[in-house]
Structures are given as structure tokens and as C-alpha cells.
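# Remarks on the overall topology
So the chains spell out like this:
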Amino acid sequence: ADPAGGTDGSGETVGSEEAAGSDFSAIDGIVQDFVTDNDLNGAAVVVVEPDEGIVFEQYWGDFSADRPSLIASASKMISAGVLLRLADEGLLEMDTPITEQLDWEDDSPVTPAQLVSNSSGLVGLLPNPTYAPYLCQYVAQGSGSLSECGQSILFNVDDDADVIPPDTSFRYGGGQWQVAGAVAEAASGKTWEELINETYVEPCGVDSLAYNNHY
């Protein structure tokens, strides 16, 4: 479907602002100042209401509705949505330890919910984004499969001194999300690509969505 609003690239908004009954006029100056002050090449703002869809959409600088953009950590919402869909279908229990649900040889108390809430106790991105035991999250090792990487992170013995019990601390990002992807594949018997297509691309008609390792 065509977006509810757009721009010609100059910052001029073409959209459904009036239909939404809201005044978004203040956004233009705020975002333009932010772009200028930070020497950015552009920005985008899209406001979505659950019942109305896109109610405001505006772009500045080099950004446009057709520009592919890396959404970085916003992909976590997409990943969590895949696991929640599998839970809705009865293929996964979010609050039950992973190894009680999957045919994985080693044992772990970590649940899918803890993985996608950054509370698994596994090492996060900080303070060392290139934490050696979890490098497969960036560079393929072994078979290069998501399943192999996820299991190697969850059951790695080289991280024993750094792993803490689940639900004791918030540790943002990192290898626990690779584990979540591996769990989704194992629970469904499908590849991550198939899961993304079935969850978002096909039912929502999102032909702009790509999901891969950008390294």
C-alpha cells in the first residue's frame, strides 16, 4: 500500500496530518535543527497510531520514503515478535527454560523471555562489543549456521567467569539475541529467513524489509 504521507526530499510533508486531527508542525524545526547541529545528512519521522496507521510522515535531507535504512537495535523488536508469534502458535513457551523445550544436549536455566529482555545473564555488548567467546555473532564460524552460533554462545565454557544468573541484571544486546534466533529456528524447524518472511514480509506486505548481518 502507498504510505499515508511522504515528502519530495526538501522537508515538505505530504500526508494525513489533518485527517489525524493532530498538529505536527513543530516537528519540522526541531528535527531540522537537530540535523544541522549534528551535521547529519538527513532524518525521518514516522508516527503510527494502532487504529489509524501512519498519521504523520516527514523526511529531511537525503532521507526519503524509498531510502533503505539500517534500523540497528530496532531489529530487537522484530526478533522478539518472531518468538512471540511462535509462542502464540504453541511452539514455544516464553517462560520455560530453553533446554526443557528443545533437543539440545547441554543444560541451561535461561528462558526465551530472558533472552529478549536482555536479562539472560549472558554477556552483553558492553563493555566489550567484540567479546571473544561470542564472535560468531559477527563472523561465521564452524558451519556458520545460526543454530550452531546460538548453542555455542549459550553453552560456552570460556564465558563462565563473566556469566551471571538470569534476572539479576540488565545486560544490553550481544550474543543472547543470537541464541534467541537459534531458539526460534529450533522450535519452528524453519530458518530465520523463513520466519521473517512468514511473520512480517508476507502477511504485512513489507517488501522493503531485509534482515541479515550487515558485516
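Before going into details, it helps to say that this report is about the structure given with it.

Conventions we followed
Residues numbered from 1 in each chain as written. Predicted model: local features only at pLDDT ≥ 70, side-chain atom pairs only at ≥ 80, totals over all residues. Heavy atoms only, no water. Helix = DSSP H or I, 4+ residues; strand = E, 2+ residues; numbered from the N terminus. Buried < 20%, exposed > 50% of the residue type's maximum accessible area, 1.4 Å probe, protein only. Contact = heavy atoms within 4.5 Å. Arc of directions from axis to C-beta. Disulfide = S-S within 2.5 Å. Phe/Tyr/Trp six-rings, centres within 6.5 Å; stacked < 30°, edge-to-face > 60°. Lys NZ or Arg CZ within 6 Å of the ring centre and 35° of its normal. Lys, Arg positive; Asp, Glu negative; His and termini not counted. Salt bridge = Lys/Arg side-chain N within 4 Å of Asp/Glu carboxyl O. Core = buried A, V, L, I, M, F, W, Y, C linked by side-chain atoms within 4.5 Å. Axes fitted to C-alpha atoms, helices over the stretch in contact; angles between N-to-C directions. Parallel < 35°, antiparallel > 145°, perpendicular 65-115°, else oblique. Left-handed = near helix turned anticlockwise from the far one by under 90°. Nonpolar A, V, L, I, M, F, W, Y, C, P; charged D, E, K, R; others polar. Pairing = 2+ DSSP bridges.

## Things to note about the overall build of the protein
The helix and strand tally for the protein stands at 7 helices and 4 strands. Across the protein, helices and strands are ordered from the amino to the carboxyl terminus as β-β-α-α-β-β-α-α-α-α-α. Relative to its full complement of 215 residues, the protein shows a buried share of 37%. Across the protein, the fraction of contacts at a sequence separation of at least 24, relative to all contacts at a separation of at least 6, is 58%.

## Regarding helix 5 (residues 146–154)
Those residues of helix 5 not exposed but buried are Cys149, Gly150, Ile153 and Leu154. End-on, the buried residues of helix 5 take up no more than an arc of 125°, which puts them together on one face.

## Observations regarding the state of the cysteines
Two cysteines, two sulfur atoms, one covalent bond between them: this is a disulfide. Taken as a whole, this structure holds 1 disulfide when the rule is applied. Through a disulfide, Cys136 is tied to Cys149; the S-S separation comes to 2.1 Å. Between Cys136 and Cys149, the S-S torsion sits near 80°, and that sign places the bridge as right-handed. Of this pair, Cys136 sits in the loop between helix 4 (112–116) and helix 5 while Cys149 sits in helix 5, and the two are 13 residues apart along the sequence. The same class applies to Cys136 as to Cys149, namely buried.

## Things to note about the side chain of Thr111
Of note, Thr111 is situated in the loop between helix 3 (75–88) and helix 4. Not counting residues within four places of it along the chain, the set of residues in contact with Thr111 comprises Met94, Asp95, Thr96, Pro97 and Ile98.

## A short note on the packing of aromatic side chains
Geometry of an aromatic ring pair is reported as the spacing of the ring centres plus the angle between the planes. Taken as a whole and assessed by the stated rule, the structure comprises 5 aromatic pairs. Judged by centre distance (4.6 Å) and plane angle (20°), the ring pair of Phe24 and Phe56 falls under stacked. Residue Phe24 is found in the loop between helix 1 (17–20) and helix 2 (25–37), and its partner Phe56 is found in strand 4 (residues 53–61); the two are separated by 32 residues along the sequence. Both residues of the pair, Phe24 and Phe56, count as buried. Relative to Tyr172, the ring of Phe170 has its centre 6.5 Å away and its plane inclined at 35°; by these criteria the two rings are tilted. The exposed category is assigned to Phe170, whose relative accessible area is 56%. Over the ring of Phe63 we find Arg67; its NZ or CZ atom is 4.0 Å from the centre of that ring.

## A closer look at the side chain of Glu185
Here Glu185 shows up in helix 6 (residues 176–188). Put simply, Glu185 is tucked away with no salt bridge, and the nearest opposite charge, on Arg85, sits 12 Å away.

## Side note on the nonpolar core
Ile98, Trp104, Leu115, Leu154, Val179 and Val183 are the most contacted members of the largest nonpolar core, which has 33 residues in total. Elements represented by at least two residues in this core include exactly helix 3, helix 4, helix 5, helix 6 and helix 7 (192–204). Take this core: its biggest share by element is 7 residues, from helix 6. Here Ile98 is in contact with Trp104, Val110, Thr111, Pro112, Leu115, Leu154, Val179 and Val183, once residues within four sequence places are set aside.

## Quick notes on the packing of helix 3 against helix 6
As a packed pair, helix 3 and helix 6 sit with axes 10 Å apart at the nearest point and diverge in direction by 30°. Viewed along their axes, helix 3 and helix 6 adopt a mutual orientation that is roughly parallel. Where helix 3 crosses over helix 6, the handedness of that crossing is left-handed. On the side of helix 3, the interface is formed by Lys76, Ser79, Ala80, Val82, Leu83 and Leu86, while helix 6 contributes Trp177, Ala180, Ala184 and Ser188. Its residues assigned to classes, the contact of helix 3 with helix 6 comprises 7 nonpolar, 2 polar and 1 charged.

## So, the pairing of strand 4
Side-chain direction in a regular strand flips from residue to residue, so the side chains alternate between the two faces of the sheet. Note: strand 3 (residues 42–49) against strand 4, 8 bridges, orientation antiparallel. Residue pairing in the sheet places Val46 in a bridge with Glu57 of strand 4.

## A few points about the pattern of salt bridges
Counting across every chain of the model gives 3 salt bridges. A salt bridge links Glu89 to Arg85; its shortest N-O distance comes to 3.1 Å. Assessed through its relative accessible area of 18%, Arg85 is described here as buried. A salt bridge links Arg85 to Glu198; its shortest N-O distance comes to 3.0 Å.

These figures capture arrangement, not role.
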